Amino acid sequence: MFDSGFGGLTVARAVIDLMPGEDLVYLGDTARYPYGPRSLEEVRRFAHQIADFLVERVDPKLLIVACNTAAAAALAELQERLDIPVVGVIEPGVRAVVSATTTGRVGVIGTVGTIGSGAYQRAVAAADPDITLACAACPGFVEFVERGEANSDQVRVLAERLLAPIGDAEVDTLLLGCTHYPYLARTISDAVGRDVVLVSSADETGFEVRSLLEEAGCQAPPRSAAGTHRFLSTGDVEWFRELGQRLLGPEVLDVEPHSWE
Ligand code: DGL
């Protein structure tokens, strides 16, 4: 699985908890984060490059694009091009938010790239055309997470400003359409109101991965030893280990460097 940085660790946590016997390799492209402000064309190029690298290096039985921006840019192409199942985070998130709302008024927040791509607008309309959707891009959120500042005063001020349209839209459910955002859940919840239910795509993505592996009959045998968990970072590996342990947990033991040159 891969993400631009630490955000995909929210999905990694769900995958490890649901499927403790599976081996996992996670690549955080921290040297090139954030993906959100980049053009979809550039993010598409990164996504193909990372997918090819992981396929060649670890020969996975399944690939998770644990980044909404990369999924919005390249999921369909990766699914068509690769010989293994490729799972994104957008469809699972939409399924979760559609089943969680009771009023039919939902919000989605994500990076500029994700919201601008229209991927959520299309996926929600396809899942339930009667849903009223409010979208907001949140530039800057990813950078706060990557710096380990999920609760700073600055991110709170930014959240109040960026999430005002979501508050005005009177949604009952808000989908965190960026895998970094669950780490800002408290700040986001304070800004939109505690009565708004926050939904992340992490668990639903884990369920989808589990059923795909079951259908294909290639899940790790039950009661086998715990799987191995490898982490690669294209940026500062020491920082990835330190913040990764704080965000994901003790599984982030060693972080292997990878450079694109
Ligand atoms: N976690 C990525 C996502 O879900 C963040 C993208 C970024 O690096 O801006 O969109």
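See the structure above.
Below or above, wherever it landed, is the structure these notes cover. (Residues numbered from 1 in each chain as written. Predicted model: local features only at pLDDT ≥ 70, side-chain atom pairs only at ≥ 80, totals over all residues. Heavy atoms only, no water.)

Notes on the overall build of the chain
At step 1: Each helix and strand in the chain was counted, giving twelve helices and ten strands.
At step 2: At 17 Å, the chain has a C-alpha radius of gyration in line with the 18 Å of a compact globule built from 261 residues.
At step 3: Principal-axis analysis of the C-alpha atoms places the extent of the chain at approximately 45 × 40 × 35 Å.
At step 4: Each of the 261 residues in the chain was classed as buried or not, and the buried ones make up 53%.
At step 5: Put simply, of all contacts in the chain between residues at least 6 apart along the chain, 74% involve residues at least 24 apart.
At step 6: If you sum the accessible surface of the chain, you get close to 11600 Å²; carbon and sulfur atoms cover 50% of it.
At step 7: Measuring between centres, the 21 positive side-chain charges of the chain sit 2 Å from its 38 negative side-chain charges. (Helix = DSSP H or I, 4+ residues; strand = E, 2+ residues; numbered from the N terminus. Rg over C-alpha atoms; globule rule 2.2 N^0.38 Å. Buried < 20%, exposed > 50% of the residue type's maximum accessible area, 1.4 Å probe, protein only. Contact = heavy atoms within 4.5 Å. Areas by Shrake-Rupley, 256 points an atom, 1.4 Å probe, with all protein chains shown as cover. Lys, Arg positive; Asp, Glu negative; His and termini not counted. Charge placed at Lys NZ, Arg CZ, Asp CG, Glu CD.)

Focus: the sheet that holds strand β8 (residues 197–200)
At step 1: Taken in spatial order, the four strands line up as β6-β5-β7-β8 in an open sheet, and their pairing is parallel. With partners counted over all chains shown, the strands left at the sheet margins are β6 (132–137) and β8, one partner each. Here the average twist between neighbouring strands, direction ignored, is 25°.
At step 2: Bridging between strand β7 (residues 173–176) and β8 involves four bridges; their strand directions are parallel. Counted as the bridge partner of leucine 174 is leucine 198 from β8. (Pairing = 2+ DSSP bridges. Axes fitted to C-alpha atoms, helices over the stretch in contact; angles between N-to-C directions.)

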